[in-house]
Amino acid sequence: MCTTDEIKQQLKSMVIELPSWAVGNSGTRYGTFKDAGAARNIWDKIDDCAEIQRVLGICPVMASHVLWDVTDDGQYAPVREYAEAKGMKIGTFHPNTFAGQEYRYGSICSPIESVRQKTIDHLVECVWKAREMGSKVIGMWLADGTNYPGQDSLIKRKHRLYEGLKALYDALDDDMSMVLEYKPFEPFFYTTDLPDWGASKLMCDKLGDKAKVLVDLGHHLAGVNIEQIVTNLLDEGKLGAFHFNNRRYADDDLITGTVKPLETFLIFKEIVDAGLEGLDTNITYMLDQSHNIEPSIEGIIYSVMNIQTAYAKALIIDREALAKAQEANDVILSNKIVMDAFNTDVEPLLGEVRLEMGLVDTDPLMNYRDSGYAKRIIEERKEGGMNTLGG
Ligand code: RM4
Ligand code: MN
Ligand code: MN
């Protein structure tokens with residue numbers, strides 16, 4: 001059982017990467033509602049992330065995307081320098097394997113040899129760019145798949161997949177790693193080349209220690225028990241990263257903890273349990289959301305707060321009592337002990353933690369609302385810039 005000080009320490013040492021692509025206007029395939037003041041360029045995005053970090057204190061890192069986080073003349077180092085001047089670091093670096101006419105039949109799994117080679121060149125180039133950005137982790141998501149049975153050979157695609165990933169893996173420095181994201185459908189619907197955690201882990205196992213699985217909470221079919229996936233991956237030393245969001249139907253990219261707060265809590269329960277078992281729980285946490293109707297900065301702040309709430313509740317579970325109840329096969333009591341933690345109000349604890357961390361307010365969202373930042377960016381940026389892709 002953790003003491004209050006230990007619990008507070010855990011909460012203070014958590015780090016959540018902010019997705020550069022979530023600040024700025026984004027929408028659905030039906031349209032985009034413009035948000036006054038939304039980030040127009042990479043500098044605005046960094047400013048917004050720094051403001052989010054100011055009120056939260058656990059988000060000093062910005063996850064980055066090769067397509068969008070670059071200067072107009074194609075440079076990455078100035079982005080890193082500007083971020084550092086704002087007290088931010090660049091975190092996981094995401095290549096592009098989806099936006100471009102050449103990716104019609106996939107990227108590294110494409111049946112067209114020149115497309116595969118071009119993608120591999122891009123991935124290797126991303127390692128160079130990540131170095132320039134000071135990033136140590138490459139976040140790999142592939143939009144590869146097929147729409148119709150018979151469209152392509154699945155076995156050949158699997159072999160191409162490994163070859164492409166291996167080229168990226170071999171380009172990594174010793175202190176770099178890659179995290180491999182799976183997704184059961186979309187943008188292709190008959191097959192995706194990395195449909196589930198098993199396929200992703202299989203590739204990571206073949207690649208080596210520097211490759212681990214990324215779990216995006218929106219990338220599972222209905223009813224899948226994500227917390228058990230988390231346990232399996234942790235126990236095998238293969239859980240590398242999370243993309244947090246929440247889903248109701250598909251890859252909805254809604255605010256974490258709004259649709260299924262119990263799921264978020266149970267995932268953290270497994271992570272805390274694994275840590276107490278002595279397993280490596282050094283996981284890169286990121287948000288991967290799309291704020292289409294809510295102001296993105298507020299949506300991001302609220303998401304991080306929801307994650308902290310879930311984590312705090314997972315930390316306060318009375319694990320001694322739970323162990324006894326489990327030993328006695330007391331099914332009801334075991335569940336009740338877990339649910340008692342879930343039903344506990346942890347806001348006073350989180351408030352204390354925030355003040356001890358030097359934040360000016362116990363409530364990050366209200367602090368942001370009172371700060372005048374939103375008013376200032378609306379005046380400065382007017383209708384804001386466009387970011388056409390959601391996570
Ligand atoms: C995917 C996935 C990736 C993100 C792309 C744009 O659904 O979640 O993480 O980079 O969308
Ligand atoms: Mn994702
Ligand atoms: Mn997604």
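Above this text you will find the structure in question.
None of the values given here were measured: they were computed from a predicted structure. (Residues numbered from 1 in each chain as written. Chains lettered and ligands numbered in written order. Predicted model: local features only at pLDDT ≥ 70, side-chain atom pairs only at ≥ 80, totals over all residues. Heavy atoms only, no water.)

(A) Spotlight on the layout of surface pockets. Roughly 870 Å³ of internal volume is contained in the second largest pocket. Looking at the second largest pocket, it is lined by 40 residues, and the ones nearest its centre are T281, N282, I283, T284 and Y285. When contributions to the lining of the second largest pocket are tallied by element, the ones reaching two or more residues are α1 (4-13), β3 (89-94), β6 (177-181), β8 (211-216), β9 (239-244), α8 (261-276), β10 (284-287) and α9 (296-315). Grouping the amino acids of the lining of the second largest pocket by side-chain chemistry returns 19 nonpolar, 12 polar and nine charged. (1 Å grid on protein atoms, 1.4 Å probe; cavity = no way out; pocket = protein on both sides within 12 Å on 5 of 7 lines; lining within 4 Å. Points joined across faces, edges and corners; volume = space filled by probe spheres on them. Helix = DSSP H or I, 4+ residues; strand = E, 2+ residues; numbered from the N terminus. Nonpolar A, V, L, I, M, F, W, Y, C, P; charged D, E, K, R; others polar.)

(B) Broad picture of the nonpolar core. Judged by nonpolar contacts, the single largest core of 101 residues is most densely connected at M178, F242 and F268. With 11 residues, α9 is the single largest residue contributor to this core. Apart from residues no more than four positions distant in its own chain, M178 is found in contact with I138, M140, L165, L168, Y169, L172, L207, K210, A211 and K212. W21, A63, V137 and L214 belong to the second largest nonpolar core, which has seven residues in total. (Core = buried A, V, L, I, M, F, W, Y, C linked by side-chain atoms within 4.5 Å. Buried < 20%, exposed > 50% of the residue type's maximum accessible area, 1.4 Å probe, protein only. Contact = heavy atoms within 4.5 Å.)

(C) Up close: the pattern of salt bridges. Tallied over the entire structure, the rule returns 28 salt bridges. Here D152 ties to R160 by a salt bridge, and the two come within 2.9 Å at their closest N and O atoms. Take D152 and R160: they sit in the same class, and that class is buried. Note that K183 is salt-bridged to D251, the shortest N-O span being 2.8 Å. Of this pair, K183 sits in the loop between β6 and β7 (191-192) while D251 sits in the loop between β9 and α8; the two residues are 68 residues apart in sequence, bridging distant segments of the chain. Assessed through its relative accessible area of 8%, K183 is described here as buried. You can call D251 buried: its relative accessible area is 12%. Taken together, the shared-partner salt bridges in this structure form one network comprising K8, K12, E352 and E356. (Salt bridge = Lys/Arg side-chain N within 4 Å of Asp/Glu carboxyl O.)

(D) Seen up close, the packing of helix α5 (residues 154-171) against helix α6 (residues 197-207). α6 packs onto α5 with a crossing angle of 50° between their chain directions and a minimal axis gap of 10 Å. Classified by the angle their axes make, α5 and α6 are oblique. Of the two possible hands of crossing, α5 and α6 adopt the one that is right-handed. Contact residues: K158, L161, Y162, L165, K166 and Y169 in α5; L202, M203, K206 and L207 in α6. Residue composition of the contact of α5 with α6, by class: seven nonpolar, no polar and three charged. (Axes fitted to C-alpha atoms, helices over the stretch in contact; angles between N-to-C directions. Parallel < 35°, antiparallel > 145°, perpendicular 65-115°, else oblique. Left-handed = near helix turned anticlockwise from the far one by under 90°.)

(E) Fine view of the coordination of the manganese ion (ligand 2). For the manganese ion (ligand 2), every protein donor is listed as E181 (OE), D216 (OD), H243 (ND1) and D288 (OD), and the spread of their distances is 2.1 to 2.2 Å. Look at where the donors of the manganese ion (ligand 2) fall in the sequence and you get E-x34-D-x26-H-x44-D. In this structure, the manganese ion (ligand 2) lies 3.8 Å away from the manganese ion (ligand 3). With E181 in strand β6 and H243 in strand β9, the pair connects residues that are 62 residues apart, well separated along the chain. Note on accessibility: E181 and H243 belong to one class, buried. (Donors = N, O, S within 2.8 Å, 3.2 Å for Na, K, Ca; no water.)

(F) Expanded view of helix α4 (residues 113-133). Over its 21 residues, α4 extends 30 Å from the first C-alpha to the last, a length consistent with the 30 Å expected when each residue adds 1.5 Å. Of the residues making up α4, those classed as buried are V115, R116, T119, I120, H122, L123, C126, V127, K129, A130 and M133. Among the structural elements, β2 (61-65), α3 (77-85), β3, β4 (137-141) and α5 are those in contact with the buried residues of α4. With its phi angle positive at about 75°, G134 sits one or two positions after the end of α4. (Expected span 1.5 Å × (residues − 1).)

(G) View of the side chain of K129. Tracing the sequence through the fold places K129 in helix α4. Accessibility expressed as a relative area gives 16% for K129, which makes it buried. Aside from chain neighbours lying at most four places away, what touches K129 is V66, Y76 and F93.

(H) Just the packing of α1 against helix α12 (residues 347-356), in detail. Where α1 meets α12, the closest approach of the two axes is 10 Å, and the angle between their N-to-C directions is 65°. Comparing the axis directions of α1 and α12 gives the class roughly perpendicular. The chirality of how α1 crosses α12 is right-handed. Across from T4, I7, K8, L11 and K12 in α1, the residues of α12 making contact are L349, L350, E352, V353 and E356. Taken together, the residues of the contact of α1 with α12 sort by class into five nonpolar, one polar and four charged.

(I) Structural view of empty space enclosed by the protein. For the structure on display, the rule yields one cavity of 30 Å³ or more. Its volume calculated, the largest cavity comes out at about 60 Å³. Along the walls of the largest cavity sit W141, L142, A143, D144, E181, Y182, K183, E186, P187, T192, D193 and L194, which together make up its complete lining. By residue class, the composition of the lining of the largest cavity is six nonpolar, one polar and five charged.

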